[in-house]
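Topology and contacts: notes
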Amino acid sequence: MNINENAVLIFVLFISGGIICLFLFIKISNWLRAKRLRKRFSKSRQAEKEAEKILRKNGYTIIDAQKSKPLLITIGDKIHRYLVRIDYLARKRGKVFVVEVKSGEKIPYITNRETRRQMLEYYLAYQPCGILLLNMKNKSISEVKFQFESTIRPKVIKIIYFLAGAIFSLVLYYLLQGGWR
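Model, not experiment: these values are computed from the prediction. (Residues numbered from 1 in each chain as written. Predicted model: local features only at pLDDT ≥ 70, side-chain atom pairs only at ≥ 80, totals over all residues. Heavy atoms only, no water.)

1. Quick look at the confidence of the model for the protein chain
How we decide: A score between 0 and 100, pLDDT records how confident the predictor is in each residue. Secondary structure is summarised from DSSP: a helix means a run of H or I of at least four residues, a strand means a run of E of at least two, and numbering begins at the N terminus for each.
In this model, the protein chain carries a mean pLDDT of 83, and residues with pLDDT of at least 70 account for 90%. By mean pLDDT, the top-scoring element of the protein chain is strand β4 (residues 88-92) (94), and the lowest-scoring one is helix α1 (residues 3-57) (80).

2. What about the packing of aromatic side chains?
For clarity, the cut-off: By convention, a stacked pair of Phe, Tyr or Trp rings (six-membered ring in the case of Trp) has centres within 6.5 Å and planes under 30 degrees apart, an edge-to-face pair has planes over 60 apart, and any other such pair is tilted. Think of it in three bands: residues with accessible area under 20% of the maximum for their type are buried, residues over 50% are exposed, and the middle band is partly exposed, with areas taken using a 1.4 Å probe on protein chains only. Both a distance and an angle decide whether a charge sits over a ring: NZ of Lys or CZ of Arg must be within 6 Å of the ring centre and within 35 degrees of the ring normal.
Considering all chains together, one arrives at one aromatic pair under this definition. Residues Tyr 60 and Phe 97 carry aromatic rings whose centres are separated by 5.8 Å and whose planes lie at 85 degrees to one another, so their mutual orientation is edge-to-face. Residue Tyr 60 is located in the loop between α1 and β1 (61-65), and its partner Phe 97 is located in strand β5 (residues 95-102); the two are separated by 37 residues in the primary sequence. We note that Tyr 60, like Phe 97, is buried. For Lys 69, the ring lying beneath its charged end belongs to Tyr 126, and the centroid distance is 5.3 Å.

3. What to know about the environment of Val 144
Tracing the backbone shows Val 144 in strand β7 (residues 140-144). Measuring from C-alpha to C-alpha, the distance between Val 144 and Leu 132 comes to 5.9 Å, with twelve residues separating the pair along the chain.

4. Points about the sheet that holds β5
The following threshold applies: Two strands pair under a simple rule: DSSP has to find at least two bridges between them. A fitted line through C-alpha atoms represents every axis, and for helices the fit uses only the stretch in contact; the resulting angles, taken between N-to-C directions, go from 0 to 180 degrees. Contacts are assigned to residue pairs with any non-hydrogen atoms lying within 4.5 Å of each other.
Pairing is mixed across the open sheet formed by five strands, whose spatial order is β1-β4-β5-β6-β7. Lying at the two open borders of the sheet, with one neighbouring strand each, are β1 and β7. Direction aside, neighbouring strands of the sheet carry axes that sit 30 degrees apart on average. On top of the sheet, helix α2 (residues 113-126) reaches β5, β6 (130-135) and β7; it is set at about 150 degrees to β5, its chief contact.

5. Points about the side chain of Lys 102
Put simply, the test is: We call two N or O atoms a polar contact when they sit within 3.5 Å, provided that within protein one can donate a hydrogen and the other can accept it, with sequence-adjacent residues counted only if both atoms are side-chain atoms.
Relative to the helices and strands, Lys 102 is located in strand β5. For Lys 102, a relative accessible area of 10% gives the class buried. A polar contact is formed between the side chain of Lys 102 and the side chain of Glu 100, at a distance of 3.3 Å.

6. Re the nonpolar core
Definition in use: In plain words, nonpolar cores are sets of buried Ala, Val, Leu, Ile, Met, Phe, Trp, Tyr and Cys residues tied together by side-chain atoms within 4.5 Å.
If you look at the biggest cluster of nonpolar residues, it comprises 14 residues, and the most contacted ones within it are Leu 55, Tyr 88, Val 99, Val 101, Leu 134 and Met 136. Among the secondary structure elements, those contributing two or more residues to this core are α1, β4, β5 and β6. Top element by residues in this core is α1. It accounts for four residues. Each residue touching Val 101, except ones within four places of it in the same chain, is listed here: Ala 47, Glu 48, Ala 51, Asp 87, Tyr 88, Leu 134 and Met 136.

Here's what the structure looks like:
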């Protein structure tokens, strides 16, 4: 073998080795990712089965599980459709609640932005009496309530002040014109 044949052989081996290593890296990465997802979904399924027991123990009746509801969003003139899926729909004392089961480390708390946004989406989509956040880490149920400032009250107050001022002006005019003699 001369130097040119050696160089070609080294180049081919270099490229072949790189392709084989890249292929193995992709396959192993995909296998590890799938394994982590299976473990996470298995943990979620176990948590949700345990959640059913906790809900029943606390007096809730499960109406539906993994319920999906289609929502439409219009942006400009284009309509987008998507599904909102909840873990459970439960009832207690005639009130219907959306139940979200959380089993992660930081996610079970309403102070977490993603959790808060998810709860708000559920609230707007299902319009339940309340939302229950079931924290599987400490087996606690917390009711989440969104309180929106009323836009009606400030308007009513302004109308009342306007009417009071108008009535006062009429009374003052009547008195200045010599009324109640």
